[in-house]
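Given next are the chains, with one letter for each unit.
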Amino acid sequence: MKNSEETPRPARGIRTRAVHGSHPVKPGPVSTPIVHSATFSFPSLDALRAERDKHASGAYYQRDGHPTLRACEQRLAGLEGAETALLFSSGVAAIAAALLANLRAGDHVIALHQCYGGTHDLVTWGAEHFGWTVDLVDARDPDSWERVFRKETRLLHVESPTNPTLCLVDIGRAADLAHRHQALLSVDNTFASPVGQQPLALGADLVLYSATKSIGGHGDLLAGAALGSAERLEKLWRVRKVFGPVPDPTIAWQIERSLKTMPLRVAAANDNALQLARRLADHPGVAQVLYPGLTAHPGHALAMRQMKLGFGPVVSIDVRGGGEAAAAMVDSLQIVRHGPSLGGVDSLASLPAHTSHVQLGAAGRAKAGIPEGLVRLSVGIEDLEDLWADVDQALARSAALKV
Ligand code: PLP
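For clarity, every value in this text was computed on a predicted model and none was experimentally measured.

About the cut-offs
- Residues numbered from 1 in each chain as written.
- Predicted model: local features only at pLDDT ≥ 70, side-chain atom pairs only at ≥ 80, totals over all residues.
- Heavy atoms only, no water.
- Helix = DSSP H or I, 4+ residues; strand = E, 2+ residues; numbered from the N terminus.
- Rg over C-alpha atoms; globule rule 2.2 N^0.38 Å.
- Buried < 20%, exposed > 50% of the residue type's maximum accessible area, 1.4 Å probe, protein only.
- Contact = heavy atoms within 4.5 Å.
- Areas by Shrake-Rupley, 256 points an atom, 1.4 Å probe, with all protein chains shown as cover.
- Lys, Arg positive; Asp, Glu negative; His and termini not counted.
- Charge placed at Lys NZ, Arg CZ, Asp CG, Glu CD.
- 1 Å grid on protein atoms, 1.4 Å probe; cavity = no way out; pocket = protein on both sides within 12 Å on 5 of 7 lines; lining within 4 Å.
- Points joined across faces, edges and corners; volume = space filled by probe spheres on them.
- Axes fitted to C-alpha atoms, helices over the stretch in contact; angles between N-to-C directions.
- Parallel < 35°, antiparallel > 145°, perpendicular 65-115°, else oblique.
- Left-handed = near helix turned anticlockwise from the far one by under 90°.
- Nonpolar A, V, L, I, M, F, W, Y, C, P; charged D, E, K, R; others polar.
- Domains from an automatic or database assignment.
- Near = heavy atom within 4 Å.
- Polar contact = N/O pair within 3.5 Å; in protein donor to acceptor, adjacent residues only side chain to side chain.
- Pairing = 2+ DSSP bridges.
- Salt bridge = Lys/Arg side-chain N within 4 Å of Asp/Glu carboxyl O.

**Here we look at the overall build of the protein**
Per the secondary structure count, the protein includes twelve helices and twelve strands. Against the compact-globule benchmark of 22 Å for 403 residues, the protein has a radius of gyration of 21 Å, which places it among compact chains. With the C-alpha coordinates aligned to their principal axes, the bounding extent of the protein is approximately 80 × 50 × 35 Å. When each of the 403 residues of the protein is scored for burial, the buried share is 57%. Here the contacts in the protein between residues at least 6 apart in sequence split such that 73% fall between residues at least 24 apart. In the form shown here, the protein has an accessible surface area of approximately 16,700 Å², with 54% of it arising from carbon and sulfur atoms. Measuring between centres, the 40 positive side-chain charges of the protein sit 5 Å from its 41 negative side-chain charges.

See below:
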């Protein structure tokens, strides 16, 4: 898969790259035109072949990639300093492509107990249907990971921070471990976002996103992304072409527009999240706050090194009184909405035991360290005092219901 023939500009600041991209822009429309064409025509067979062989760079057939998508992929790659990027029609499709591109029957993959529930489904479903084998390791105990590597291990897949327990993985250390065993490291960077943490620079081979979250940022689209070298992404491009999860031109345009404001949105949400986490740490209705920005968090020093724009928009709180109290708290929220997603401008609250990690069952959640009374708050960009007042009154109502 070839990248753009145009030479990227020397690196500029993240906000400039978000707005203008990293490649020289041609005079013309400031906003990328949406090219609604499922296929493209050619003056000759040679011209068709030339375009076909450019793969995702080209305008050949929409499932191979298309001009609106390519513009967005280049802007995203430039933001993270990746050689190239590919977009998918969901985050799960991007993770599935990474697995399918790198694993065959008999191969072995290692993932985290704490990884997103859908990722858990993917690795276990793949084990049943494609004959690869899986080991899950505990994000809180990286010293134990080495023991599960085998000569068949091809991939170590991690998240940092993890969903919803906010464990941190030392990405450089995980990359060294994987590479020592001739395996690749893929990092689901959804919680940190492309402007908040750059795993490729820390040694990861592949970075994956649910672009539904901070990349899209407005709760209005479903998409995924994979970033890495052109050589590695060529394999994922083949999976995308074979299975077909390609975002259409309108979605590609929406994502590219969202990228322009991503550094501002992420910085504002991360600031709000840190302030809320600090206040919630002293709240009598909360047994524990999980947030890497708090000095008491076991991964705080690592977060200071790895995360560039704050500690992410997600704050998880263990509400005193367990599952029922947590449900009452979520039901009492008036500004923060009750819904299963994160990373958008709107604040959302969800109960992982009923949403992202329902498939683990109570025993699986206990193993992953997810309390039944955990509320995952995805903090948006509203005014901090309004968010605080809302969360505070919801905790008070939930406490009142218990007596
Ligand atoms: N990765 C993480 C960390 C997630 O939280 C999610 C969804 O919540 C996904 C991947 C899957 O993304 P999508 O819902 O876009 O398929």
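**Some points on empty space enclosed by the protein**
If you walk through the whole model with that rule in mind, you get two cavities of 30 Å³ or more. Of the pockets and cavities examined, the largest cavity occupies roughly 60 Å³. Of the pockets and cavities examined, the second largest cavity occupies roughly 30 Å³. In terms of lining, the second largest cavity is formed by Leu276, Val336, Ser347, Leu377, Ser378, Val379, Leu387 and Val391.

**With respect to the packing of helix H3 (residues 67-80) against helix H8 (residues 249-281)**
Where H3 contacts H8, the two axes come as close as 8 Å, and the packing angle between them is 25°. With respect to their mutual orientation, H3 and H8 come out roughly parallel. Read as a crossing pair, H3 and H8 show a hand that is left-handed. Between H3 and H8, the contacting residues are Thr68, Leu69, Ala71, Cys72, Arg75, Leu76 and Leu79 on the first element and Pro249, Ala252, Trp253, Ile255, Glu256, Leu259, Lys260 and Met262 on the second. In terms of residue class, the contact of H3 with H8 is made up of eleven nonpolar, one polar and three charged.

**Let's talk about the layout of surface pockets**
Here the second largest pocket defines a volume of roughly 600 Å³. Lining the second largest pocket are 29 residues; nearest its centre among them are Arg140, Cys167, Leu168, Pro298 and Gly299. Broken down by secondary-structure element, the contributors of at least two residues to the lining of the second largest pocket are helix H6 (171-180) and strand S8 (286-290). Element by element, the count of residues in the lining of the second largest pocket is highest for H6, at four residues. Grouping the constituent residues of the lining of the second largest pocket by class yields 18 nonpolar, five polar and six charged. Split by domain, the residues of the lining of the second largest pocket number at least three in each of domain 1 (10-259) and domain 2 (262-401).

**Considerations on the site of the ligand**
Around the ligand lies a shell of 14 residues, among which Val92, Asp188, Ser210, Thr212 and Lys213 are the nearest. With respect to the ligand, the side chain of Asp188 contributes an N or O atom lying 2.6 Å from a nitrogen atom. If you tally residues by element for the shell around the ligand, the top one is helix H4 (residues 91-102), at three residues. A class-by-class count of the residues in the shell around the ligand yields five nonpolar, six polar and three charged.

**A look at the pairing of strand S3 (residues 133-137)**
Look at any regular strand and the pattern is simple: side chains alternate between the two faces of the sheet. Here strand S2 (residues 108-112) runs beside S3; their pairing, made up of five bridges, is parallel. Considered in S3, the bridge of His108 is made with Thr133.

**What about the pattern of salt bridges?**
Between side chains of opposite charge, pairing is possible as soon as their charged atoms come close. One pass over the full model with this rule turns up 18 salt bridges. Residues Asp143 and Arg173 are paired through a salt bridge, measuring 2.5 Å at the closest nitrogen-oxygen approach. In this pair, Asp143 sits in the loop between S3 and strand S4 (153-159) while Arg173 sits in helix H6, placing the two residues 30 residues apart along the sequence. Between Lys151 and Glu152 there is a salt bridge, and its shortest N-O distance comes to 2.9 Å. Via salt bridges that share partners, Arg70, Glu73 and Arg240 belong to a single interconnected network.

**So, the sheet that holds strand S12 (residues 374-378)**
In space, the five strands of this open sheet follow the order S8-S9-S12-S11-S10, with mixed pairing throughout. The sheet is open, and its two edges are formed by S8 and strand S10 (337-338), each paired on a single side. Bridge analysis of S10 against strand S11 (residues 348-350) gives two bridges, and the strand direction is parallel. In the sheet register, His338 faces S11, and the bridge partner there is Ala349.

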